[in-house]
Amino acid sequence: TLAADFGPKRLKMVREEMIRRGGSRRYINAAVGRIRRAFRWAAAEELIPGRAATDLAALAPLQKGRSAAREKPAVGPVADAQVEAALAFLSPRFGAVVRFMRLTGCRPGEALALRVEDVDRSDPDCWLYKPSRHKTEHRDRERVVFVGPRARAVLSPWLAKAGSGAVFGSNRENFRRAIRDACEKAGVPSFAPNQLRHSF
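Reference entry: report on the structure contained in this document. (Residues numbered from 1 in each chain as written. Predicted model: local features only at pLDDT ≥ 70, side-chain atom pairs only at ≥ 80, totals over all residues. Heavy atoms only, no water.)

Moving on, we get to helix α8 (residues 172-186). Three- or four-residue spacings in an α-helix give side chains the same orientation, since the helix completes a turn every 3.6 residues. Taking 1.5 Å of rise per residue, the 15 residues of α8 would be expected to cover 21 Å, and the 21 Å separating its terminal C-alpha atoms lies within 8% of that figure. Within α8, the full set of buried residues consists of F175, A178, I179, A182 and C183. Each buried residue of α8 lies within a common arc of 130 degrees when the element is viewed along its axis, so the set occupies one face. Projecting away from the buried face of α8 at angles above 90 degrees are the exposed residues E184 and K185. Lining the buried residues of α8 we find α4 (80-87), α5 (92-104) and α6 (108-112). Measuring from the backbone nitrogen of E173 back to the side-chain oxygen at the start of α8 gives 3.1 Å, which picks out N171 as the cap. Backbone geometry just downstream of α8 places G187 in the positive-phi region, at approximately 75 degrees. (Helix = DSSP H or I, 4+ residues; strand = E, 2+ residues; numbered from the N terminus. Expected span 1.5 Å × (residues − 1). Buried < 20%, exposed > 50% of the residue type's maximum accessible area, 1.4 Å probe, protein only. Arc of directions from axis to C-beta. Contact = heavy atoms within 4.5 Å. Polar contact = N/O pair within 3.5 Å; in protein donor to acceptor, adjacent residues only side chain to side chain.)

So, in C-alpha coordinates, the structure goes:
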(Lines give C-alpha, C1' and ligand atoms only; values in the text may rest on other atoms or scores of the structure.)
Protein backbone atom coordinates (compact mmCIF):
# COMPACT_ATOMS: atom_id res chain seq x y z
CA THR A 1 0.00 0.00 0.00
CA LEU A 2 1.29 3.45 -0.86
CA ALA A 3 1.86 5.56 2.25
CA ALA A 4 -0.44 8.24 0.82
CA ASP A 5 -3.26 5.65 0.70
CA PHE A 6 -2.67 4.31 4.22
CA GLY A 7 -5.51 5.80 6.26
CA PRO A 8 -7.21 5.13 9.62
CA LYS A 9 -9.06 2.04 8.35
CA ARG A 10 -5.84 0.37 7.27
CA LEU A 11 -4.12 1.35 10.49
CA LYS A 12 -7.05 -0.24 12.33
CA MET A 13 -6.51 -3.44 10.32
CA VAL A 14 -2.86 -3.47 11.38
CA ARG A 15 -3.92 -2.96 14.99
CA GLU A 16 -6.46 -5.81 14.78
CA GLU A 17 -3.70 -8.10 13.54
CA MET A 18 -1.55 -7.10 16.53
CA ILE A 19 -4.46 -8.01 18.81
CA ARG A 20 -4.89 -11.34 17.00
CA ARG A 21 -1.19 -12.10 17.57
CA GLY A 22 -1.60 -11.56 21.32
CA GLY A 23 -0.07 -8.13 21.81
CA SER A 24 -0.98 -6.30 25.01
CA ARG A 25 -3.10 -3.15 24.86
CA ARG A 26 -0.26 -0.90 26.04
CA TYR A 27 2.22 -2.44 23.58
CA ILE A 28 -0.24 -2.05 20.68
CA ASN A 29 -1.00 1.59 21.55
CA ALA A 30 2.74 2.29 21.68
CA ALA A 31 3.30 0.55 18.33
CA VAL A 32 0.47 2.51 16.69
CA GLY A 33 2.01 5.68 18.14
CA ARG A 34 5.33 4.84 16.46
CA ILE A 35 3.55 4.36 13.11
CA ARG A 36 1.86 7.75 13.49
CA ARG A 37 5.20 9.41 14.33
CA ALA A 38 6.77 7.87 11.22
CA PHE A 39 3.98 9.32 9.08
CA ARG A 40 4.31 12.75 10.78
CA TRP A 41 8.04 12.72 10.04
CA ALA A 42 7.41 11.77 6.40
CA ALA A 43 4.83 14.57 6.09
CA ALA A 44 7.24 17.09 7.64
CA GLU A 45 9.87 16.05 5.07
CA GLU A 46 7.22 16.44 2.33
CA LEU A 47 7.62 12.81 1.33
CA ILE A 48 3.87 12.23 1.67
CA PRO A 49 0.86 14.58 1.73
CA GLY A 50 0.25 16.15 5.15
CA ARG A 51 -3.26 14.72 5.21
CA ALA A 52 -1.85 11.16 5.22
CA ALA A 53 -0.36 11.86 8.64
CA THR A 54 -3.19 13.91 10.14
CA ASP A 55 -5.87 11.37 9.12
CA LEU A 56 -4.18 8.65 11.21
CA ALA A 57 -4.81 10.72 14.36
CA ALA A 58 -8.53 9.99 13.91
CA LEU A 59 -8.02 6.42 15.19
CA ALA A 60 -8.48 6.58 18.97
CA PRO A 61 -6.18 4.46 21.15
CA LEU A 62 -7.43 1.21 22.63
CA GLN A 63 -9.14 1.79 26.00
CA LYS A 64 -8.74 -0.45 29.02
CA GLY A 65 -11.55 -3.03 29.17
CA ARG A 66 -13.00 -1.91 25.84
CA SER A 67 -11.05 -3.99 23.36
CA ALA A 68 -10.08 -7.61 22.73
CA ALA A 69 -6.42 -6.79 23.44
CA ARG A 70 -5.04 -8.50 26.50
CA GLU A 71 -4.14 -6.45 29.55
CA LYS A 72 -0.57 -6.83 30.70
CA PRO A 73 -0.25 -6.69 34.48
CA ALA A 74 1.41 -3.57 35.82
CA VAL A 75 5.02 -3.92 36.91
CA GLY A 76 5.04 -4.40 40.67
CA PRO A 77 7.75 -4.49 43.32
CA VAL A 78 9.91 -7.53 43.97
CA ALA A 79 10.11 -9.03 47.46
CA ASP A 80 13.29 -8.30 49.43
CA ALA A 81 13.80 -12.01 50.16
CA GLN A 82 13.75 -12.75 46.43
CA VAL A 83 16.37 -10.06 45.74
CA GLU A 84 18.59 -11.19 48.62
CA ALA A 85 18.50 -14.79 47.36
CA ALA A 86 19.51 -13.69 43.85
CA LEU A 87 22.29 -11.39 45.12
CA ALA A 88 24.17 -14.44 46.40
CA PHE A 89 24.57 -15.63 42.80
CA LEU A 90 25.20 -12.30 41.03
CA SER A 91 28.65 -11.04 40.08
CA PRO A 92 29.98 -8.23 42.31
CA ARG A 93 29.31 -5.72 39.52
CA PHE A 94 25.69 -6.70 38.89
CA GLY A 95 25.15 -7.12 42.62
CA ALA A 96 26.24 -3.49 43.06
CA VAL A 97 23.85 -2.36 40.31
CA VAL A 98 20.97 -4.17 42.02
CA ARG A 99 21.82 -2.66 45.42
CA PHE A 100 22.24 0.81 43.92
CA MET A 101 18.85 0.62 42.20
CA ARG A 102 17.12 -0.60 45.37
CA LEU A 103 18.55 2.29 47.37
CA THR A 104 18.00 5.09 44.83
CA GLY A 105 15.00 4.08 42.72
CA CYS A 106 16.83 4.80 39.48
CA ARG A 107 15.86 3.05 36.25
CA PRO A 108 17.93 0.11 34.93
CA GLY A 109 19.18 2.12 31.96
CA GLU A 110 20.22 4.99 34.24
CA ALA A 111 22.12 2.70 36.61
CA LEU A 112 23.95 0.91 33.80
CA ALA A 113 24.81 4.17 31.99
CA LEU A 114 26.17 5.85 35.14
CA ARG A 115 29.45 7.69 34.54
CA VAL A 116 31.82 9.07 37.16
CA GLU A 117 31.36 12.55 35.70
CA ASP A 118 27.58 12.40 36.20
CA VAL A 119 27.84 12.18 40.00
CA ASP A 120 28.00 15.46 41.92
CA ARG A 121 29.85 14.65 45.17
CA SER A 122 30.12 18.22 46.47
CA ASP A 123 27.63 17.57 49.30
CA PRO A 124 29.09 14.86 51.57
CA ASP A 125 25.63 14.00 52.94
CA CYS A 126 23.85 13.45 49.64
CA TRP A 127 25.42 12.99 46.24
CA LEU A 128 23.45 13.86 43.11
CA TYR A 129 23.47 11.65 40.04
CA LYS A 130 22.31 13.53 36.94
CA PRO A 131 22.01 11.05 34.06
CA SER A 132 23.22 12.49 30.76
CA ARG A 133 20.41 10.55 29.02
CA HIS A 134 17.05 9.75 30.57
CA LYS A 135 13.44 8.87 29.76
CA THR A 136 11.97 12.40 29.98
CA GLU A 137 14.84 14.45 28.52
CA HIS A 138 12.87 15.07 25.31
CA ARG A 139 10.41 17.03 27.47
CA ASP A 140 13.29 19.27 28.62
CA ARG A 141 13.16 17.90 32.15
CA GLU A 142 16.20 17.40 34.35
CA ARG A 143 16.52 14.06 36.10
CA VAL A 144 18.24 13.90 39.49
CA VAL A 145 18.83 10.71 41.47
CA PHE A 146 19.65 11.30 45.14
CA VAL A 147 22.45 9.08 46.44
CA GLY A 148 22.23 8.79 50.23
CA PRO A 149 24.71 7.21 52.67
CA ARG A 150 23.89 3.52 51.98
CA ALA A 151 23.86 4.02 48.20
CA ARG A 152 27.16 5.95 48.47
CA ALA A 153 28.72 2.99 50.28
CA VAL A 154 27.70 0.73 47.38
CA LEU A 155 28.83 3.17 44.68
CA SER A 156 32.10 4.54 46.13
CA PRO A 157 34.38 1.56 45.36
CA TRP A 158 33.06 1.38 41.80
CA LEU A 159 33.66 5.11 41.24
CA ALA A 160 37.21 4.73 42.54
CA LYS A 161 37.82 1.67 40.37
CA ALA A 162 36.50 3.39 37.22
CA GLY A 163 38.34 6.69 37.80
CA SER A 164 36.41 8.27 34.92
CA GLY A 165 33.82 7.29 32.34
CA ALA A 166 31.44 4.33 32.68
CA VAL A 167 31.14 2.90 36.19
CA PHE A 168 29.36 -0.42 35.56
CA GLY A 169 29.81 -0.65 31.79
CA SER A 170 27.19 -3.17 30.75
CA ASN A 171 23.96 -3.33 28.77
CA ARG A 172 20.41 -4.10 29.86
CA GLU A 173 20.19 -7.50 28.19
CA ASN A 174 23.28 -8.79 30.02
CA PHE A 175 21.90 -7.40 33.28
CA ARG A 176 18.47 -8.98 32.71
CA ARG A 177 20.07 -12.33 31.84
CA ALA A 178 22.34 -12.22 34.91
CA ILE A 179 19.32 -11.65 37.18
CA ARG A 180 17.37 -14.46 35.52
CA ASP A 181 20.29 -16.89 35.89
CA ALA A 182 20.91 -15.86 39.52
CA CYS A 183 17.24 -16.37 40.37
CA GLU A 184 17.30 -19.80 38.75
CA LYS A 185 20.37 -20.81 40.78
CA ALA A 186 18.78 -19.43 43.95
CA GLY A 187 15.54 -21.31 43.27
CA VAL A 188 13.37 -18.19 43.39
CA PRO A 189 11.05 -16.68 40.76
CA SER A 190 12.85 -14.37 38.35
CA PHE A 191 12.18 -10.63 38.44
CA ALA A 192 12.59 -7.85 35.91
CA PRO A 193 15.23 -5.17 36.61
CA ASN A 194 12.55 -2.46 36.57
CA GLN A 195 10.82 -4.13 39.54
CA LEU A 196 13.74 -2.93 41.69
CA ARG A 197 12.64 0.65 40.99
CA HIS A 198 9.13 -0.20 42.15
CA SER A 199 10.54 -1.84 45.29
CA PHE A 200 12.27 1.44 46.13
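Now that the structure is up, let's keep going.
Turning our attention to the packing of α5 against α8. Running from N to C, α5 and α8 point in directions that differ by 95 degrees, and their axes come no closer than 11 Å. Between α5 and α8, the angle is such that the two are roughly perpendicular. Counting all contacts with α5, which are made through F94, V97, V98 and M101, the residues of α8 involved are N174, F175, A178 and I179. Its residues assigned to classes, the contact of α5 with α8 comprises seven nonpolar, one polar and no charged. (Axes fitted to C-alpha atoms, helices over the stretch in contact; angles between N-to-C directions. Parallel < 35°, antiparallel > 145°, perpendicular 65-115°, else oblique. Nonpolar A, V, L, I, M, F, W, Y, C, P; charged D, E, K, R; others polar.)

This brings us to the environment of L2. Looking at where L2 falls in the secondary structure, it is placed in the segment before α1 (8-20). Sequence spacing of L2 and E71 is 69 residues, and the spatial spacing of their C-alpha atoms is 32 Å.

Okay, the sheet that holds strand β2 (residues 127-129) next. Within a sheet, adjacent strands bond to each other through the backbone by hydrogen bonds, running parallel or antiparallel. Strand order in the open sheet made by the three strands is β1-β2-β3, with antiparallel pairing throughout. A single partner strand is all that each edge strand has here, and the edge strands are β1 (119-120) and β3 (145-147). As paired strands, β1 and β2 are joined by two bridges and run antiparallel to one another. Across the sheet, residue V119 finds its bridge partner in β2, namely Y129. (Pairing = 2+ DSSP bridges.)

Geometric descriptors of this kind do not, in isolation, establish any biological role.
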